[in-house]
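# What the coordinates show
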Amino acid sequence: MRIAITAMGQDLDSQVDPRFGRAKYFIIADKDGTLLETVDNSTNINAMQGAGIQAAKVLADKKVDVLLTGHCGPNAFRTLQAAGIKVGVDQAGSVREAIERFQNNQVSYADQPTVEAHW
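In this report, we go over the structure that sits alongside the text. Predicted model, so just to flag it, every value in this text is computed and none were measured.

Parameters and conventions
Residues numbered from 1 in each chain as written. Predicted model: local features only at pLDDT ≥ 70, side-chain atom pairs only at ≥ 80, totals over all residues. Heavy atoms only, no water. Buried < 20%, exposed > 50% of the residue type's maximum accessible area, 1.4 Å probe, protein only. Helix = DSSP H or I, 4+ residues; strand = E, 2+ residues; numbered from the N terminus. Arc of directions from axis to C-beta. Contact = heavy atoms within 4.5 Å. Core = buried A, V, L, I, M, F, W, Y, C linked by side-chain atoms within 4.5 Å. Phe/Tyr/Trp six-rings, centres within 6.5 Å; stacked < 30°, edge-to-face > 60°. Lys NZ or Arg CZ within 6 Å of the ring centre and 35° of its normal. Salt bridge = Lys/Arg side-chain N within 4 Å of Asp/Glu carboxyl O.

## Focus on helix α3 (residues 74-82)
All of the buried residues in α3 are Pro74, Ala76, Phe77 and Leu80. For α3, the angular spread of the buried residues around the axis is 160°, confining them to a single face. Packed against the buried residues of α3 are α2 (51-61), β4 (66-68) and β5 (86-89). Of the residues flanking the end of α3, it is Gly84, one or two places downstream, whose phi is positive at about 80°.

Dropping the structure here:
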């Protein structure tokens, strides 16, 4: 199982970035919390449009199973859903804490977008 967490920095002690498509980084870890990869999302941060869709495609290409983030817009949500990636929302604190909540089954999964487009 591969978990992606939106992050403001490049390691497990970084804060969770509340934005999905325009997050600074994606931390990819396994279910045990081992850091597998840090993905720089700088190409999407300043995108005029389509940031969420492109970010979702990156995670699909990385074979991610679960995304932990603060919020997710409609286009990104549909793309993640189509890729079979579950979206855990309302995450805050550190990446490590988000992973611990996942491990303890304390994550709320979205069944629809949590914000409007271009949030």
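## Let's talk about the nonpolar core
One broad trend across soluble globular proteins is that nonpolar side chains are buried collectively. Residues Phe20, Phe26, Leu59, Leu67, Cys72, Leu80 and Val87 are the most contacted members of the largest nonpolar core, which totals 18 residues. Put simply, the parts of the chain that give this core at least two residues each are β2 (25-30), α2, α3 and β5. Formed by 15 residues, the second largest nonpolar core is a distinct cluster that contains Ala7, Leu12, Ile27 and Val66.

## Describing unusual backbone geometry
For residues other than glycine, phi is negative in most cases, and the peptide bonds are mostly trans. Unusually for a residue other than glycine, Lys63 sits at a positive phi of about 60°. Checked against the element boundaries, Lys63 lands in the loop between α2 and β4. In this structure, Asp90 takes a positive phi of about 65° despite not being glycine. With respect to the helices, strands and loops of the structure, Asp90 is situated in the loop between β5 and α4 (95-103).

## Details of the packing of aromatic side chains
The full count for this structure, using the stated rule, is one aromatic pair. When the ring of Phe20 is compared with that of Phe26, the centres are 5.5 Å apart and the planes differ by 40°; the resulting orientation is tilted. Using a relative accessible area of 0% as the deciding quantity, one classes Phe26 as buried. Sitting above the plane of the Tyr109 ring, Lys86 keeps its charged end 4.1 Å from the centroid.

## Some details on the pattern of salt bridges
Summed over the entire model, instances satisfying the criterion amount to four salt bridges. Its salt-bridge partner being Asp13, residue Arg96 comes within 3.0 Å of it at the nearest N-O pair. With a gap of 83 residues between them, Arg96 in helix α4 and Asp13 in the loop between β1 (2-7) and β2 connect regions that are remote in the sequence. Among the salt bridges present, the one from Asp17 reaches Arg19, with a minimum N-O distance of 2.9 Å. Asp17 gets classed as buried once you look at its relative accessible area, which sits at 0%. Residues joined in a network through salt bridges with shared partners are Arg2, Glu37 and Lys62.

## Looking at α4
Every buried residue belonging to α4 is among Val95, Ala98, Ile99 and Phe102, and all of these are buried. End-on view of α4: buried residues confined to an arc of 100°, all on one side of the axis. Phi turns positive one or two residues past the end of α4, at Asn105, with a value near 55°.

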